[in-house]
Amino acid sequence: MEKGFEQLIVWQQAKALAVSVYRECRKPPLRDDRTMRDQMQRAALSVSSNIAEGGERDSTKEELRYLSIAKASTAELRSQLLVGEEIGLIEPSVCKQLCDQCRKVGFLLVQFMKYKKTTLPLPRRQTNPAPPHPPQPPQYP
């Protein structure tokens with residue numbers, strides 16, 4: 001069996017976060033606030049999607065870029081959750097639980113990025129061609 005992004009614990013946790021957010025967005029009053037609901041769902045879905053997309057890229061450098069985007073999406077989602085709580089769209093206990101999930105996924109992403117950075121190929125050492133020989137003084141008989 002081929003090892004893909006589905007095998008990654010960080011992706012599994014990000015998927016669980018997205019599912020939790022989608023389920024919460026089906027409940028009133030959040031269900032009725034289309035703008036907040038859609039933004040939260042996009043941010044939540046972005047986390048697992050960027051982990052998956054990065055895992056399918058051809059280089060570690062590209063993968064790290066997508067993992068970084070996923071990490072930023074966890075912060076975006078936390079911000080939306082906190083605003084939603086303050087304006088009464090999300091219960092405080094639900095906000096705490098989802099923010100904790102965001103932090104866990106963010107932590108896993110940081111750890112995974114650190115690991116990935118250790119697998120980057122070392123930069124090639126550039127070898128400079130030998131300097132030209134200094135001009136020889138003219139030879140006089």
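Cut-off values and rules
- Residues numbered from 1 in each chain as written.
- Predicted model: local features only at pLDDT ≥ 70, side-chain atom pairs only at ≥ 80, totals over all residues.
- Heavy atoms only, no water.
- Helix = DSSP H or I, 4+ residues; strand = E, 2+ residues; numbered from the N terminus.
- Buried < 20%, exposed > 50% of the residue type's maximum accessible area, 1.4 Å probe, protein only.
- Expected span 1.5 Å × (residues − 1).
- Arc of directions from axis to C-beta.
- Core = buried A, V, L, I, M, F, W, Y, C linked by side-chain atoms within 4.5 Å.
- Contact = heavy atoms within 4.5 Å.
- Salt bridge = Lys/Arg side-chain N within 4 Å of Asp/Glu carboxyl O.

1. Some thoughts on the environment of S49
In step 1: With respect to the helices and strands, S49 occurs in helix α2 (residues 34-55).
In step 2: The exposure class assigned to S49 is partly exposed, which follows from its relative accessible area of 36%.
In step 3: A sequence separation of 34 residues divides S49 from K15, and the C-alpha atoms of the two residues are 8.6 Å apart.

2. Brief notes about helix α1 (residues 9-25)
In step 1: Relative to the 24 Å expected for 17 residues at 1.5 Å per residue, α1 spans 24 Å between its end C-alpha atoms, a close match to the ideal helical length.
In step 2: V10, W11, A14, L17, A18, V21, E24 and C25 are the residues of α1 that are buried. The arc that holds the buried residues of α1, viewed along the axis, is 150°, so those residues lie on one side. Every exposed residue of α1 that faces more than 90 degrees away from the buried side is listed here: I9 and R23.

3. So, the nonpolar core
Considering soluble globular proteins, one finds that nonpolar side chains tend to be buried as a cluster.
In step 1: By size, the foremost hydrophobic cluster in this structure holds 32 residues, and its most contacted members are V21, M40, I51, L77, L81, I90 and L109.
In step 2: Of all the secondary-structure elements, those providing two or more residues to this core are α1, α2, α3 (60-86) and α4 (92-118).
In step 3: In terms of residue count, the dominant contributor to this core is α4 (nine residues).
In step 4: Other than its neighbours up to four places away in sequence, V21 contacts M40, Q41, A44, L77 and L98.

4. Remarks on the pattern of salt bridges
In step 1: Throughout the structure, instances matching the rule amount to nine salt bridges.
In step 2: Across the pair R37 and D38 runs a salt bridge whose closest N-O atoms are separated by 3.2 Å.
In step 3: With a closest N to O distance of 2.8 Å, D100 and K96 form a salt bridge. Of the two residues, D100 and K96 are both situated in helix α4; the distance of four residues between them amounts to about one turn of the helix.

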